[in-house]
Amino acid sequence: MASEELAQKLQRRLQLEASGAAEEGEAEVAKGAAEEEEAAERSSLTASAGAELSAKLCRRHDINEGAAQPRRAAVFNPYTEFKEFSRRQIKDMERMFRLYDSGRDGYIDLMELKLMMEKLGAPQTHLGLKNMIKEVDEDFDGKLSFREFLLIFHKAAAGELEEDSGLLTLAKLSEIDVSIEGVKGAKNFFEAKAQALSSASKFEAEIKAEQDERKREEEERKHRRAAFRELKSAFTQ
């Protein structure tokens, strides 16, 4: 009887030990899986960061080699972003930009800038041209967008360009008056307010003048068409 009871106890002990070993094994497996998942996540993050860094380095290399593709510039309103300039000044700058954008791609590249500086009577070296672009090249595409072109005159008007800067030479020789028209340089608040009101009135007057000019041109076109029809009918009779 005692031996039977002892055998039952031993069997129970063996079952408990086997159960404990199984639970311990399951815990080890779960721990190992968690560690593998964490390692995989770290590897993925490292790979992602490495890919991003690699892309940036490749972009920089392409820029330095002149092989970078231009990025599409964000749409902007020059009249609201560059409020220190009148509509007439901005239109003058736009005409000058289009004049030298011989590729008609919305950018002035290094060769087009070279031609511009030669036409202005201030030719630059290849390195000098590259440095001129870098001063305002916000998207690092090695070209000047219209916004970056306006930045040249903005910096010139604000006194942010060095005396020996090619960009300052460009601004001075462009025959575009970039004197500040806003409240800068006002001696006191009342003078500043008066200048601001004057600037707003001038802006509205320029818009009205442009509208009147368009109406006048449309009227002239109508008269020319009417005269042409009359002449045509006279010959057909």
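Calculation notes
Throughout this document, residue positions are counted from 1 along each chain, in the order its sequence is written. Totals for whole chains, interfaces and linings use all residues, but because this is a predicted model, local features are given only for residues with pLDDT of at least 70 and pairs of side-chain atoms are given and counted only at 80 or more. Remark: hydrogens and water are excluded; side-chain values derive from all non-hydrogen atoms of the structure. Only centres within 6.5 Å qualify two rings of Phe, Tyr or Trp (six-membered ring in Trp) as a pair; their planes then separate them into stacked at under 30 degrees, edge-to-face at over 60, and tilted for everything else. For helices the rule is a DSSP run of H or I covering at least 4 residues; for strands it is a run of E covering at least 2, with both sets numbered from the N terminus onward. The classification of residues rests on relative accessible area computed with a 1.4 Å probe and restricted to protein chains. Under 20% of the type maximum is buried, over 50% is exposed, and intermediate values are partly exposed. Here, a charge over a ring means that NZ of Lys or CZ of Arg falls within 6 Å of the ring centre while also lying within 35 degrees of the ring normal. Whether two residues are in contact is decided by their heavy atoms, any of which lying within 4.5 Å being enough. Every definition here rests on a 1 Å grid over the protein atoms only: cavities are sets of points where a 1.4 Å probe fits but cannot get out, pockets are open sets enclosed by protein on both sides within 12 Å along at least five of seven lines, and lining residues have some atom within 4 Å of a point. Grid points are joined across faces, edges and corners, and a volume is the space filled by probe spheres set on the points. Each residue gets one label: Ala, Val, Leu, Ile, Met, Phe, Trp, Tyr, Cys and Pro are nonpolar, Asp, Glu, Lys and Arg are charged, and the others, such as Gly, are polar. The charge count includes Lys and Arg as positive and Asp and Glu as negative, but it does not include His or the ends of the chains. Counted as salt bridges are all cases of a side-chain nitrogen of Lys or Arg within 4 Å of a carboxyl oxygen of Asp or Glu. Any pair of N or O atoms that falls within 3.5 Å is considered a polar contact. Within protein, one atom must be able to donate a hydrogen and the other to accept it, and sequence-neighbouring residues count only if both atoms are side-chain atoms. UniProt positions are given in the numbering used here, feature names are shortened, and annotations may be inferred rather than shown by experiment. By definition here, a helix of n residues has an expected span of 1.5 Å times n minus one. The arc in question is formed by the directions pointing from the helix axis toward the C-beta atoms. Take the buried residues of types Ala, Val, Leu, Ile, Met, Phe, Trp, Tyr and Cys, join any two whose side-chain atoms come within 4.5 Å, and each joined set is a nonpolar core.

### Structural notes on the packing of aromatic side chains
Logical step 1: Applying the stated rule across the entire model yields 5 aromatic pairs.
Logical step 2: Measuring from ring centre to ring centre gives 5.5 Å for phenylalanine 97 and phenylalanine 149, while their planes differ by 55°; the resulting arrangement is tilted. Placement of phenylalanine 97 in helix α3 (residues 87-100) and of phenylalanine 149 in helix α6 (residues 146-157) is noted, with a sequence separation of 52 residues between them.
Logical step 3: Look at phenylalanine 149 and you get buried, because its relative accessible area is 0%.
Logical step 4: If you follow arginine 87 out to its NZ or CZ, it ends over the ring of tyrosine 79, 4.4 Å from the centre.
Logical step 5: In this structure, lysine 143 is placed above the aromatic ring of tyrosine 107, and the distance from its NZ or CZ to the ring centre is 5.7 Å.

### Observations regarding the environment of threonine 125
Logical step 1: Summarising the element assignment, threonine 125 is placed in the loop between α4 (110-119) and α5 (126-136).
Logical step 2: Each C-alpha atom of the pair threonine 125 and lysine 114 lies 8.4 Å from the other, and the pair is 11 residues apart in sequence.

### Some words on the environment of proline 78
Logical step 1: For proline 78, the position within the fold is in helix α2 (residues 78-81).
Logical step 2: In this structure the C-alpha to C-alpha distance between proline 78 and arginine 147, which are 69 residues apart in sequence, comes to 7.4 Å.
Logical step 3: For proline 78, the contacting residues outside a window of four places in its chain are Ile90, Phe146 and Leu150.

### Some points on the layout of surface pockets
Logical step 1: The computed volume of the second largest pocket comes to approximately 300 Å³.
Logical step 2: Lining the second largest pocket are 11 residues, with Phe76, Phe97, Gly106, Phe146 and Arg147 sitting closest to its centre.
Logical step 3: The biggest single contributor to the lining of the second largest pocket is α3, with 3 residues.
Logical step 4: Residue composition of the lining of the second largest pocket, grouped by class: 6 nonpolar, 2 polar and 3 charged.

### Topic: the side chain of aspartate 101
Logical step 1: Tracing the backbone through its elements, the reader meets aspartate 101 in the loop between α3 and α4.
Logical step 2: The charged side chain of aspartate 101 is buried without a salt bridge, its nearest counter-charge being arginine 104 at 5.4 Å.
Logical step 3: From its side chain, aspartate 101 meets the backbone nitrogen of aspartate 105 in a polar contact 3.4 Å long.
Logical step 4: For aspartate 101, the contacting residues outside a window of four places in its chain are Gly106, Tyr107, Ile108 and Glu112.

### Points about the UniProt feature "domain: EF-hand" (unreviewed entry) in the protein
Logical step 1: Under the feature "domain: EF-hand" (unreviewed entry), the UniProt entry names residues 88-123 and 124-159.
Logical step 2: Structurally, residues 124-159 is divided into 64% helix and 0% strand, and its ends, taken at the C-alpha atoms, are 21 Å apart.

### Some thoughts on α3
Logical step 1: Given a rise of 1.5 Å per residue, 14 residues ought to cover 20 Å, and the 20 Å separating the end C-alpha atoms of α3 matches this to within 8%.
Logical step 2: Burial in α3 covers these residues: Arg87, Gln89, Ile90, Met93, Met96, Phe97 and Tyr100.

### Focus: α5
Logical step 1: Three or more residues of α5 are buried, namely Gly128, Leu129, Met132, Ile133 and Val136. The arc enclosing the buried residues of α5, seen along the axis, measures out at 140°, which places them on a common side. Exposed side chains of α5 directed beyond 90 degrees from the buried face belong to His126, Leu127 and Lys134.
Logical step 2: Here the buried face of α5 lies against α4, α6 and α7 (166-173).

### Notes on the nonpolar core
Logical step 1: If you look at the biggest cluster of nonpolar residues, it comprises 32 residues, and the most contacted ones within it are Met96, Leu113, Met116, Phe149, Phe153 and Leu170.
Logical step 2: Contributing elements (two or more residues each) for this core: α3, α4, α5, α6 and α7.
Logical step 3: Looking at which element gives the most residues to this core, the answer is α6, with 7 residues.
Logical step 4: Contacts of methionine 116, omitting those with residues within four sequence positions, involve Met96, Tyr100, Ile108, Phe149 and Leu170.

### Regarding the pattern of salt bridges
Logical step 1: Enumeration over the complete set of coordinates arrives at 12 salt bridges.
Logical step 2: A salt bridge links arginine 147 to glutamate 81; the nearest nitrogen and oxygen atoms lie 2.4 Å apart. Residue arginine 147 is found in helix α6, and its partner glutamate 81 is found in helix α2; the two are separated by 66 residues along the sequence.
Logical step 3: Assessed through its relative accessible area of 23%, arginine 147 is described here as partly exposed.
Logical step 4: Under the relative-accessibility criterion, glutamate 81 is labelled partly exposed at 35%.
Logical step 5: With a closest N to O distance of 2.7 Å, glutamate 218 and arginine 221 form a salt bridge. Residue glutamate 218 and its partner arginine 221 are located together in helix α8 (residues 189-236), separated by 3 residues, close to a single helical turn.
Logical step 6: Judged by its relative accessible area of 29%, glutamate 218 falls in the partly exposed class.

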